[in-house]
Amino acid sequence: MLLRRGLRMGGGCLRYPNHLLPRTMRMSTSYQSGDFVKIVEVGPRDGLQNEKTIVPPEVKIELINRLASTGLPVVEVTSFVSPKWVPQMADATEVLKGINRRDGVGYPVLTPNLKGYQAARAAGADEVAIFAAASEGFSRKNINCSVEESLKRFEDVCQKAKEDGVRVRGYVSVVVGCPYDGAVDPKKVAFVSEKLLEMGCYEISLGDTIGVGTPGKMAAMLEEVKRAVPVEKLAVHCHDTYGQAVANILMAIQHGVRVVDSSVAGLGGCPYAKGATGNVATEDVLYLLDGLGMKTGVNLANVVEIGNWISSKLGRRNASRVANALTAKASKL
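In this text the structure is predicted, and so the values were computed from the model without any measurement.

## Considering the overall build of the protein
Then step 1. Looking only at helices and strands, the protein features twelve helices and twelve strands.
Then step 2. For the protein, the proportion of its 333 residues judged to be buried stands at 57%.
Then step 3. Counting only contacts in the protein whose residues sit at least 6 apart along the sequence, the fraction spanning at least 24 positions is 75%.
Then step 4. By element, 50% of the accessible surface of the protein is carried by carbon and sulfur atoms, the whole surface being about 13700 Å².

In structure tokens, the structure reads:
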């Protein structure tokens, strides 16, 4: 199926011919495991949780439904956390119950503890994510407990999920640098990652939460983590604070990682990581991977359109360089 040829802007549609797109940016399900990269879209959760504008639930639901229609295999929906601490996620139940689920698309939600897990299950969640930190300072600021204490909490969540037949994804935050403790030892990242794997997490996403990573730091961290966790179980989650996210993802790809988290229009940040800017933009990741000859099965033109739409809802500029470049080209036709 060819890409759509127009980007809708306001009430009209800009012509968007295929020759402006990378040659291989087409929907595809025929691929070999070595050249396919799974994109985990985190915009509706990790993206919106740190935006200043409170987004109405109906807009979130539309965002999720539209993203799921682009070929994205996973769209992270929301977070079942205390609205006192993350008010942007206060509508978690309404949003999860309101989406139209597509066959073949995963809709995980974040659950920090057993209480959050139970609320998520009551709302219909069939996949959850848990998140630990690789530094003590971040763990205490983020979930108000030590790393060891957090792992104990997650054991309870994973055990209950196993009983319920619910898949669990694990996140490790601040894998190269912490806003409170500074540089993070790769051995600590490997330790936490291995513990999450042992609990039953099917995948471990390694997060450069404040975006201080460089390709060299990313390589050193991955070399250590791969000694503890098979690379096929790993994902990367990069923020773009210093403009290094795409380079760091390239390094991860070279190390064999084939799962990348990203956020449409580069939405988000982290409410507990001062100075952290948005996640790497999904549009930029798609463009990078196409340049490497790798497949994602995701329709770039549709993602650009959605990124422009949600950015207008938030009253902000689309943070994706690729989206802005392609939109500018299309507007001149």
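There's plenty left to go through after this.
## A look at unusual backbone geometry
Then step 1. Notably, Asn144 is not glycine yet its phi reads approximately 60 degrees, a positive angle.
Then step 2. A positive phi angle is found at Val174, which is not glycine, with a value near 45 degrees.
Then step 3. Note on placement: Val174 falls in the loop between β7 (167-173) and β8 (177-178).

## A short note on the confidence of the model for the protein
Low pLDDT means the predicted coordinates in that region are not meant to be read closely.
Then step 1. Of the residues in the protein, 87% have a pLDDT of 70 or more, and the chain-wide mean is 89.
Then step 2. Residue range residues 1-32 is modelled with pLDDT below 50. Its contacts to residues more than four positions away, or to other chains, number 75 contacts.

## Considerations on the nonpolar core
Then step 1. Val172, Val189, Leu196, Leu206, Met221 and Ile249 are the most contacted members of the largest nonpolar core, which totals 102 residues.
Then step 2. If one sorts the elements of this core by residue count, helix α11 (residues 300-314) sits on top with seven residues.
Then step 3. In this view, Val189 contacts Ala134, Val172, Val175, Val184, Leu206, Met221 and Val225; residues no more than four positions away in its chain are not counted.

## Some words on the pairing of strand β12 (residues 259-262)
Consecutive side chains of a regular strand alternate in pointing toward one face of the sheet and then the other.
Then step 1. Side-chain alternation along β12 places Val259 and Asp261 on one buried face and Val260 and Ser262 on a second face that is also buried.
Then step 2. Two strands pair when backbone bridges link them, and strand β3 (residues 38-41) and β12 are joined in this way by four bridges, in the parallel orientation. Bridge pairing links Val40 to Asp261 in β12.

## Here we look at the packing of aromatic side chains
Here the distance between the centres and the angle between the planes together describe a pair of aromatic rings.
Then step 1. Evaluation of the coordinates by the stated rule reveals two aromatic pairs.
Then step 2. Between Phe131 and Phe154, the aromatic rings sit 6.4 Å apart at their centres with planes inclined by 50 degrees, giving tilted as the arrangement. Of this pair, Phe131 sits in strand β6 (residues 127-133) while Phe154 sits in helix α6 (residues 147-164); the two residues are 23 residues apart in sequence, bridging distant segments of the chain. Both residues of the pair, Phe131 and Phe154, count as buried.
Then step 3. On the numbers, 6.4 Å between centres and 35 degrees between planes, the contact of Phe138 with Tyr180 is tilted. Of this pair, Phe138 sits in helix α5 (residues 136-143) while Tyr180 sits in the loop between β8 and β9 (182-183); the two residues are 42 residues apart in sequence, bridging distant segments of the chain.
Then step 4. Of the residues examined, Phe138 reaches a relative accessible area of 1% and is grouped as buried.

## A few points about the pattern of salt bridges
Then step 1. All chains considered together, the criterion is met by 20 salt bridges.
Then step 2. Here Lys160 ties to Asp164 by a salt bridge, and the two come within 3.8 Å at their closest N and O atoms. Taken together, the residues Lys160 and Asp164, both in helix α6 and four residues apart, mark about one turn of the helix.
Then step 3. Taking relative accessible area as the criterion, Asp164 reaches 28% and is therefore assigned partly exposed.
Then step 4. A cluster of three or more residues bridged by salt bridges with shared partners is formed by Lys38, Arg169, Glu203 and Asp261.

## Some thoughts on the sheet that holds strand β11 (residues 234-238)
Then step 1. Read from one edge to the other, the open sheet built from eight strands follows the order β4-β3-β12-β11-β10-β7-β6-β5, with strand pairing classed as parallel. Edge positions in the open sheet fall to β4 (74-75) and β5 (109-110), since each of these has one partner strand only.
Then step 2. Bridge analysis of β5 against β6 gives two bridges, and the strand direction is parallel. Its bridge partner being in β6, Val109 is matched across the sheet by Val128.
Then step 3. Its contacts with the sheet place α6 against β6 and β7, and it is angled at close to 165 degrees to β6.

## A short note on the side chain of Asp91
Then step 1. Note on placement: Asp91 falls in the loop between β4 and α3 (92-98).
Then step 2. The exposure class of Asp91 is buried, given its relative accessible area of 13%.
Then step 3. Within polar-contact distance, the side chain of Asp91 engages the side chain of Lys60 at 2.9 Å.
Then step 4. Apart from the residues within four sequence positions on either side, Asp91 is in contact with Val55, Pro56, Pro57 and Lys60.

Conventions used here
- Residues numbered from 1 in each chain as written.
- Predicted model: local features only at pLDDT ≥ 70, side-chain atom pairs only at ≥ 80, totals over all residues.
- Heavy atoms only, no water.
- Helix = DSSP H or I, 4+ residues; strand = E, 2+ residues; numbered from the N terminus.
- Buried < 20%, exposed > 50% of the residue type's maximum accessible area, 1.4 Å probe, protein only.
- Contact = heavy atoms within 4.5 Å.
- Areas by Shrake-Rupley, 256 points an atom, 1.4 Å probe, with all protein chains shown as cover.
- pLDDT = per-residue confidence, 0-100.
- Core = buried A, V, L, I, M, F, W, Y, C linked by side-chain atoms within 4.5 Å.
- Pairing = 2+ DSSP bridges.
- Phe/Tyr/Trp six-rings, centres within 6.5 Å; stacked < 30°, edge-to-face > 60°.
- Salt bridge = Lys/Arg side-chain N within 4 Å of Asp/Glu carboxyl O.
- Axes fitted to C-alpha atoms, helices over the stretch in contact; angles between N-to-C directions.
- Polar contact = N/O pair within 3.5 Å; in protein donor to acceptor, adjacent residues only side chain to side chain.

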